[in-house]
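Inside the fold
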Amino acid sequence: MDEQEASERIEELRQQLRYHGYRYHVLDEPEISDFDYDQLLRQLIALEEEHPLLITPDSPTQRVGGPIGDLFAPVRHLRPLFSLDNIEATSELDAWGSRLRRGLGRPAEGFSCELKIDGLAVVLTYEEGKLARAATRGDGVTGEDITANLRTLKSIPLRLLGKPPRLLEVRGEVYMPLRAFEELNRRQTESELRIFANPRNAAAGSVRQKDPGITSGRDLGIWIYQVGLLEGGPPLARHSEQMAYLSELGLRVNPTSKAVSDLEEVKKFLLEAEKKRHDRDYQTDGVVIKVDLLADQLELGYTSHAPRWAVAYKFPPEEQVTTLRDIQINVGRTGAATPFAVLEPVQVGGATVTYATLHNEDELRRKDVRISDKVIVRRAGDVIPEVVGPVVSVRTGTEKPWSMPAKCPFCGHPIERPAGEKVARCTGGFECPSRVREWLFHFASRGAMDIEGMGYKTIDLLLREGLIDDPADIFLLKPEQLLGFEGWGEVSVANLMKGIEAARHRPLQRVLVALGIRHVGGTVARLLARRFHSLERLMSATPEDLAGVEGLGQVIANSVRAWSLDPDNIALVKKLADAGVSMADEEPQAGPSSDLLAGMTLVVTGTLESMSREQAESEITSRGGKAASSVSKKTVALVMGESAGQSKVSKAAELGVPVIDEKQFLRVLSEGLDALS
């Protein structure tokens, strides 16, 4: 484009960035995702580099943060804070490494890798070891005084440990743990108050309160990531040494940070950080990479807005803004009618998202999501995409509220919502084709009968061709019935038959999950299988027998009993048994180890070499113990395998729960907890 076109586009980008910066930094109500903001900023930087005469001092590329609000008194930082340049690919990381080499005349001597926390940047100042001030980042030069609020955070020491320096300014990120975020939104919903779109907004809104008592009740945390100014402290040569020193002073430094020797090691850190992104109880959106040697940082210096010695590697965005085209419903295996959003396709978390869950009618109304809304869509890892909420500020008045249809779009039967329940249901039973489809998929899924190759595509084919009507028909399939269909050759048919044959011999717990009894998930199924050992005994059990199973309440007992008396279910169980599906487990052998872990709760996390997690939990329960899914005060040990969830390990450390490896776990199974002493 020519100079005039470039000037017009540059001004357009600047206006957009100023507006969105104000909504993000001052109002804590962004209208676009961080990714979209970064893309606008990248466009502006590229255009200004091509047309340097068009750069002005008030351009968003020349500032290091957002505007400050007028809610708190201004505070001038002892040292200015700079923004970080973003990179999104390892090729850009290599290019940054080349620039470092040119700037230093040699390769950089090591790097520090730190998780980029998705929170609110703050500055803490300590004088003679005492917390003197706390401020927001603001525009990088001046922030807002939030000392009274941050003094309420238990993770911020009011006095440093040991022999503190005379003057210390540090930068950190205040964040809200995911569990606290969920609890906050639950309380907000009950009080009919504003719902926060994400933990970052919740943290920012919690810190910027006039009443410190509100901040105190929000369960915030902080990670310190940088020294701004240090006077009267020990001589330190590296950034990683500074972080270790801050930790000794009692400041909270993220334990995942790591000093590495070269960019190849940096790339390994990036892969591991993204892989474990969802194992932590706080949101991360990337990794900050810094030249570790402080002398190198000094030599490399800064551009007008960012240090040359640091970059932020951004993970693929997990939130985006798009248009909600329509709201439709899906009918699941229990008849539950669940609304979902039909979206303008958008890239979120590395995948194209066209559909997203809206959970239920109450949730949809609570969020006030309407057809044609601009909505925030989140996709975290393998989690089903969800609509977080609408962007109310851009509504035009043409958006349409939605309500649950009176009739099922699949079978025409009425949709009814029982009194006291959150979920509306199709009343068509298994005459509803959608319910049958979801039932079959659940039956064959990994957590149930685990039939390899029996996904939606296969189920749709079998239903369309009239080859199956219920789960038992799966075990009556013949190879010749499938051969000849598109994509079904001898190998694929043989693999499916192999998967079906293996499913005939699943343990009773899996069968109970597969049958889809209401309120019976993996944990309840395990308790029932351990108590009754066969489906025949379970279905013959009295309400008193069922209610007497430890861990079962009356609601679950009633549900199991009602299912067992249903003639259709009785017929299905007989048909499955006739098809060769195992309906019972082997009777356990009585022995001295049967109550070895009686009354004890253990949690298994990660992957074990000698057995699956399901087998490990079965070994615990067979000895009278309880295999829980989360760590609590009642947990006597956390069994940690490979790729263990960091949040569970952290929780165990917080509660003083012993963390044991697989070898120790095997000893516990044979000797009891005495094996650990």
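Basis of the calculations
- Sequence order as written defines the numbering, with residues in each chain counted from 1.
- Per-residue local features are limited, in this predicted model, to residues with pLDDT of at least 70; the limit for side-chain atom pairs, both in listing and counting, is 80 or more; totals at the level of whole chains, interfaces and linings are taken over all residues.
- The side-chain figures draw on all heavy atoms in the structure; neither hydrogens nor water molecules are used.
- For this document, the term salt bridge refers to a Lys or Arg side-chain nitrogen within 4 Å of an Asp or Glu carboxyl oxygen.
- Each aromatic pair joins two rings of Phe, Tyr and Trp (for Trp, the six-membered one) with centres within 6.5 Å, and gets the label stacked for planes under 30 degrees apart, edge-to-face for over 60, and tilted for any other angle.
- Our definition puts a charge over a ring when NZ of Lys or CZ of Arg is within 6 Å of the ring centre and also within 35 degrees of the ring normal.
- To get an axis, fit a line to the C-alpha atoms, keeping to the stretch in contact for a helix; angles then go from 0 to 180 degrees between the N-to-C directions.
- Strands here are runs of E lasting at least two residues and helices are runs of H or I lasting at least four, both read from the DSSP assignment and numbered beginning at the N terminus.
- We call two directions roughly parallel when the angle between them is under 35 degrees, roughly antiparallel when it is over 145, roughly perpendicular when it lies between 65 and 115, and oblique otherwise.
- When the near helix sits turned anticlockwise from the far one by under a right angle, the crossing is termed left-handed; a clockwise turn instead gives a right-handed crossing.
- A contact between two residues is defined here by any heavy atoms of the two lying within 4.5 Å.
- Under the convention adopted here, Pro, Cys and the residues Ala, Val, Leu, Ile, Met, Phe, Trp and Tyr are nonpolar, Asp, Glu, Lys and Arg are charged, and Gly plus all remaining residues are polar.
- The criterion for strand pairing is that DSSP finds at least two bridges linking the strands in question.
- In this text, buried Ala, Val, Leu, Ile, Met, Phe, Trp, Tyr and Cys residues form a nonpolar core when linked through side-chain atoms within 4.5 Å.
- Using a 1.4 Å probe on the protein chains alone, a residue whose accessible area is under 20% of its type maximum counts as buried, one over 50% counts as exposed, and one in between counts as partly exposed.

So, about the pattern of salt bridges. Within this structure, the stated rule accounts for 43 salt bridges. Put simply, E169 and R171 hold a salt bridge, and the shortest N to O gap is 3.8 Å. Taken together, the shared-partner salt bridges connect E319, E363, R366, K367, R378 and E386 into one network.

Here we come to the packing of aromatic side chains. Each aromatic ring pair is characterised by the separation of its centres together with the angle its planes make. Enumeration according to the criterion identifies 11 aromatic pairs in this entry. Each residue in the set F82, Y302 and W309 is aromatic and connected to the rest through ring pairs, giving one cluster. The cationic tip of R252 hangs over the ring face of W223; the distance from NZ or CZ to the ring centre is 3.8 Å. Stacked on the ring of F430, the Lys or Arg R435 has its end atom at 4.4 Å from the ring centre.

Interaxial distance between helix α12 (residues 433-444) and helix α13 (residues 456-464) falls to 10 Å at its minimum, and their mutual angle equals 130°. Looking at the two axes, α12 sits oblique to α13. You can see that α12 and α13 cross each other, and the crossing is right-handed. Of α13, the residues touching α12 (which contributes V436, R437, E438, L440 and F441) are Y456, I459, D460 and L463. Looking at the contact of α12 with α13 residue by residue, the class counts come to 6 nonpolar, no polar and 3 charged.

Along the chain, T142 turns up in strand β6 (residues 142-144). Taking the C-alpha atoms as reference points, T142 and P433, separated by 291 residues in sequence, lie 62 Å from one another.

So, on to the sheet that holds strand β9 (residues 258-260). If you trace the 5 strands from one edge of the open sheet to the other, you get β2-β11-β10-β3-β9, paired in mixed fashion. Two strands bound the open sheet, and with one partner strand each, they are β2 (85-87) and β9. Averaged over neighbouring strand pairs, the angle between their axes works out to 30° when direction is ignored. Helix-sheet contacts for helix α3 (residues 90-104) involve β2, β3 (111-117), β10 (284-291) and β11 (310-314), and the interaxial angle to β10 is about 20°.

Among the nonpolar cores identified, the biggest contains 55 residues, and I451, F475 and L528 are the most heavily contacted of them. In this structure L528 touches L512, V520, H533, L538, L546, L552 and V560, once residues within four positions along its chain are discounted. Core analysis: the next-biggest nonpolar cluster, separate from the first, contains 34 residues, Y126, L150, V170 and A204 among them.

Geometric values such as these leave the question of function open.
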